[in-house]
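# A structural walkthrough
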Amino acid sequence: MRESMGFGLSRCVGLTAPHPDAMVQKYREALGWEMLTSQSGLCLTDGALRAYVDPGDRRPPVLELLTDHLSAARGQLRALGFEEATWKGSGELNLVVDPFGNSWNIFELGADVEDEEFDFDSHVLARIGLHTHEPAKVAEFFSTVLERPATLSGHVWVIDSDPVRLRIEPGLPNGPVFLLEDSLQLQALGAQPGQSTLTDTWGITWRVLPRPPASTAVISEAPHA
């Protein structure tokens, strides 16, 4: 369990689709996600992120913040500038909207909730992105929410909320974006070769994570004639 009164970033996300079975089948085939048995409904995971899929009209993903104290969190969220949409209490849906239009569920960690192992070798990384036209402002806001520093690397702001990383960068469409290591997975979702960002049939945005430039070179001697 977390010991801070602040918030943590969850690896759980909520997705909706008019016909969830089609989304589940596609993500299993293209991304290698596996089904999990869950009392909360359809659940997919690749060992890093965990997606709960509900039937409904196409809409942006719901991200999740973790707290140890749900009752105190409600007042904190209002003070931070979140707008409350639905608040049903511990173990239920507590939906809030941040000042930039992103939806978040607030989940209370209890003493019986254990941290789970992450698979950092999965195609979908333990990183959640936010596309925005004002990345510095969004980074400052979530640095306050998560009580963690925001670091600028190139044009991307990064906030680590162990073991999940939030990446905030300029881009369209505005809102959550999920990150892939391999462009082949993006093509399997319907992207063209060379395309780095795709919004799929269900309105979910995917982006290939740029590889960092090499800082060293391997030099070998030419073979003797």
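Residues numbered from 1 in each chain as written. Predicted model: local features only at pLDDT ≥ 70, side-chain atom pairs only at ≥ 80, totals over all residues. Heavy atoms only, no water.

Tallied over the entire structure, the rule returns five salt bridges. Between Glu84 and Arg78 there is a salt bridge whose closest N-O contact spans 3.4 Å. On the basis of relative accessibility, which here comes to 30%, the residue Glu84 falls in the partly exposed class. The residue Glu169 makes a salt bridge to Arg167 at a minimum N-O spacing of 3.5 Å. Grouping residues by exposure puts Glu169 and Arg167 together as buried. Connected through shared salt-bridge partners, Arg74, Arg78 and Glu84 make up one network. (Salt bridge = Lys/Arg side-chain N within 4 Å of Asp/Glu carboxyl O. Buried < 20%, exposed > 50% of the residue type's maximum accessible area, 1.4 Å probe, protein only.)

Let us look at the sheet that holds strand E2 (residues 12-17). Pairing is mixed across the open sheet formed by four strands, whose spatial order is E2-E5-E4-E3. Of all strands in the sheet, those bounded by a partner on one side alone are E2 and strand E3 (34-36). Taken pair by pair, the neighbouring strands of this sheet meet at an average axis angle of 35 degrees, ignoring direction. Each of E2, E3, strand E4 (42-45) and strand E5 (50-55) is contacted by helix H1 (residues 20-31), which is oriented at about 15 degrees to E4, the strand it contacts most. (Pairing = 2+ DSSP bridges. Helix = DSSP H or I, 4+ residues; strand = E, 2+ residues; numbered from the N terminus. Axes fitted to C-alpha atoms, helices over the stretch in contact; angles between N-to-C directions. Contact = heavy atoms within 4.5 Å.)

Pairing is mixed in the open sheet, where five strands are placed in the order E1-E6-E9-E8-E7. Two strands in the sheet have a free side with no partner beyond their single neighbour: strand E1 (8-9) and strand E7 (83-87). The pairing of strand E8 (residues 94-97) with strand E9 (residues 103-108) spans three bridges and is antiparallel. From the neighbouring strand, Leu95 faces E9, where its bridge partner is Asn105. Against the sheet, helix H2 (residues 70-80) makes contact with strand E6 (63-67), E7, E8 and E9, and its axis sits at roughly 150 degrees relative to E7, the strand it touches most.

What follows covers the nonpolar core. By size, the foremost hydrophobic cluster in this structure holds 47 residues, and its most contacted members are Tyr27, Leu65, Trp104, Ile106, Phe142, Leu166 and Trp206. Ignoring sequence-local partners within four residues, the contact set of Phe142 consists of Asp98, Phe100, Trp104, Leu130, Glu147, Ile159 and Leu166. (Core = buried A, V, L, I, M, F, W, Y, C linked by side-chain atoms within 4.5 Å.)

Taking 1.5 Å per residue as the helical rise, helix H3 (residues 135-146) with its twelve residues ought to reach 16 Å, and the 16 Å between its terminal C-alpha atoms agrees with that figure. Three or more residues of H3 are buried, namely Pro135, Val138, Ala139, Phe141, Phe142, Ser143, Val145 and Leu146. Immediately beyond the C-terminal end of H3, within one or two residues, lies Glu147, with a positive phi of roughly 55 degrees. (Expected span 1.5 Å × (residues − 1).)

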